[in-house]
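Residues per chain are reported as follows:
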Amino acid sequence: MAGRVEGCAGGVLRWEWRGFLLTGCLLAGTAVCSAQATAPEKDKAKPQAPMTKEQAKELFRSVDEILNFVSSDTKLPIEHSVKRKLISRDEVTKYLRQKFDEDESAKRMERAELVLKKFGLLDRDFHLRPFMLSLLTEQIAGFYDNKTKTVNLLDWIEPDEQKSVLAHELTHALQDQKVNLMKWSDVSLNDTSRDVKDDNRHLQVDEAETAREAVAEGQAMAVFVDYTLKPTGRTLADTPPELIAKLKDSTADTSGSPVMARAPLLLQESLLFPYSDGLSFEQAVLVKGGKEAAFSGVLANPPSSSFEILHPDAYMTHTPVPVLRLPDIHPLIDAEYEPYDLGVMGELDVRILAELFGGREIADGVAPDWNGGIYYAAKRKSATATEKESTASLGLLYYSRWKNADSASTFRRIYAAQIPRKYSRVSERKQDEVGDDEQVFSTSEGDVLISISGTGVFVSEGFDLSLARKLRTSIESVQAEGPLRMAEAGHEPSMSLARFMQSFGMTKAAMAGRYTSEGRSIR
């Protein structure tokens, strides 16, 4: 499900999305100001007038000043000036719709939607495309286009309220001058994998793009924080970790975004990841290695997996990352199925899935014990035209490994408990009718097999039982035991969403809670 939108390096939002990161709040002393940036209800109904010519001139003049701040803050050199453009709300809407119609990542998103629904991470009747358009229209706050090398400013937001956005976006401009963002971030494969060599080639490279997106956004958020904190004399580097943790926690408040407030948990969590976890990653490298390491150093030697973003110490110490392999399953399925999608179910995805299925407490307990996971989806050739548009046409394999048998058992239990929610006409076979450590369900979309062996949990949904057992044997037989190898992980479903959204620029959500020194909120 990897997807990316060509041409935009990031404003606050992207399909590895743009986080509701209340990074704009002022960390004065030891206090965190984390109020949500919302306008009074009476003001929300009033359309904001375009800025005056004088305001536009002021905003354009500030670009160079802020660019100098960004260069000083990151130690990334200014190779040349950055083009700037003022655009209207109508132009933004047109731009967004064009991206959705023309970009390959938008097409990939449609494929991802079906797999996410099969997993139960999205409801069957949820429509992703119109939701994403609504969210972007509501949330976009500015963006840098790395195809045209232009920072785009919004003509309906006051200049003072866009300056912190500029700090974020101009970080992308300097990243672009340093490494050529389009080339640096585009390391995934967009073709459909059709043999085992391609399967594992996809798995090997796509996760690297996820990690690079988090680096790009984490660096931009670090500068966003430093620029906002400038009046206090503080920076991200000298902000205590517990305050950053409080800052991240405050992002769960979606009251300032009507569209985000009704978003599925998957989308809310995915939106946050590149900003919040990317920021945490950058802070960890910054504190330990300094600015050269956190900016130029990470751009030169980026992490290869989202696991390293979640665990920056693993990146800094070159710790091997959990990795699973996909065997050659094509002789077993290709006669009846077309390859559809494959990738990693990583620690973040497990955390979201476990919270959705079992609650926050269970998710917090089981997710840290994740030790690798892969999925493979195929579409039944005999499916009717109507079925091909639904999850009924998909066969889904999912194999996960855990650090201990207890966590594996817990995950298996919460996953199995959701089968009646995901399907209709569900009946479970009696234990004496199936193998040891197996659960087998008959559903409206075919057989479901869930089994456990040691610290591994195997799930098959939609493949008939005899085929599912053969696939399980094949997958379990190729997994290495003993020391972990370096990551060859693929794109995670939630990460794909985030990456796509981030291509559209910075969102208001990423700025939520930001107040100016005069106490005025961004609207």
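Residues numbered from 1 in each chain as written. Predicted model: local features only at pLDDT ≥ 70, side-chain atom pairs only at ≥ 80, totals over all residues. Heavy atoms only, no water.

A. Local environment of the packing of aromatic side chains. The full count for this structure, using the stated rule, is 13 aromatic pairs. A ring pair is formed by Tyr95 and Phe143, whose centres lie 4.7 Å apart and whose planes are at 10°; its orientation type is stacked. Placement of Tyr95 in helix α3 (residues 89–102) and of Phe143 in strand β3 (residues 140–145) is noted, with a sequence separation of 48 residues between them. For Tyr95, a relative accessible area of 15% corresponds to the buried category. Site record: aromatic cluster; members linked through ring pairs are Phe119, Phe357, Tyr375, Tyr398, Trp402, Phe411 and Tyr415. Here the guanidinium or amino end of Arg212 rests over the ring plane of Trp184, the centre of that ring lying 5.4 Å away. (Phe/Tyr/Trp six-rings, centres within 6.5 Å; stacked < 30°, edge-to-face > 60°. Helix = DSSP H or I, 4+ residues; strand = E, 2+ residues; numbered from the N terminus. Buried < 20%, exposed > 50% of the residue type's maximum accessible area, 1.4 Å probe, protein only. Lys NZ or Arg CZ within 6 Å of the ring centre and 35° of its normal.)

B. Examining the sheet that holds strand β6 (residues 370–380) more closely. In space, the 7 strands of this open sheet follow the order β5-β6-β7-β11-β10-β9-β8, with antiparallel pairing throughout. Looking at which strands have only one partner, the edges of the open sheet turn out to be β5 (337–344) and β8 (427–428). Alignment of strand β7 (residues 394–402) against strand β11 (residues 456–461), held across 6 bridges, turns out to be antiparallel. Across the sheet, the residue bridging to Leu397 is Ser460, located in β11. Seen against the sheet, helix α21 (residues 465–477) touches β5, β7, β9 (438–443), β10 (446–453) and β11 and runs at an angle of roughly 30° to β10. (Pairing = 2+ DSSP bridges. Contact = heavy atoms within 4.5 Å. Axes fitted to C-alpha atoms, helices over the stretch in contact; angles between N-to-C directions.)

C. Seen up close, the pairing of β7. A large share of β7 lies buried, amounting to 9 of its 9 residues. The two faces of β7 match: Leu394, Leu396, Tyr398, Ser400 and Trp402 on one face and Gly395, Leu397, Tyr399 and Arg401 on the other face are all buried. Across 8 bridges, β6 lies against β7 in antiparallel orientation. When the sheet's bridge partners are listed, Gly373 is paired in β7 with Ser400.

D. Main features of the environment of Leu174. Along the chain, the position of Leu174 falls in helix α6 (residues 159–179). Owing to a relative accessible area of 0%, Leu174 belongs among the buried residues under this scheme. Sequence separation of Leu174 and Val82 is 92 residues, and the distance between their C-alpha atoms is 8.9 Å. Setting aside residues no more than four positions away along its own chain, Leu174 makes contact with Leu67, Val70, Ser71, Leu76, Pro77 and Ile78.

E. Geometry of the packing of α3 against helix α5 (residues 128–139). Packing of α3 against α5 leaves a shortest axis separation of 10 Å and a crossing angle of 150°. With respect to each other, α3 and α5 are oriented roughly antiparallel. Judged by the twist between their axes, the crossing of α3 over α5 is right-handed. On the side of α3, the interface is formed by Leu96, Arg97, Phe100 and Asp101, while α5 contributes Arg129, Met132, Leu133, Leu136 and Thr137. Taken together, the residues of the contact of α3 with α5 sort by class into 5 nonpolar, 1 polar and 3 charged. (Parallel < 35°, antiparallel > 145°, perpendicular 65-115°, else oblique. Left-handed = near helix turned anticlockwise from the far one by under 90°. Nonpolar A, V, L, I, M, F, W, Y, C, P; charged D, E, K, R; others polar.)

F. Spatial organisation of the pattern of salt bridges. Tallying each qualifying case throughout the model produces 16 salt bridges. Between Lys163 and Asp160 there is a salt bridge, with its nearest N and O atoms 3.4 Å apart. On the criterion of helical spacing, the pair formed by Lys163 and Asp160 is a turn pair, its members being 3 residues apart in helix α6. Accessibility expressed as a relative area gives 18% for Lys163, which makes it buried. (Salt bridge = Lys/Arg side-chain N within 4 Å of Asp/Glu carboxyl O.)

G. Focus on the environment of Val151. Note that Val151 resides in strand β4 (residues 150–154). Those residues in contact with Val151 that lie beyond four places of it in its chain are Val82, Lys83, Arg84, Lys85, Phe143, Tyr144, Leu166, Glu169 and Leu170.

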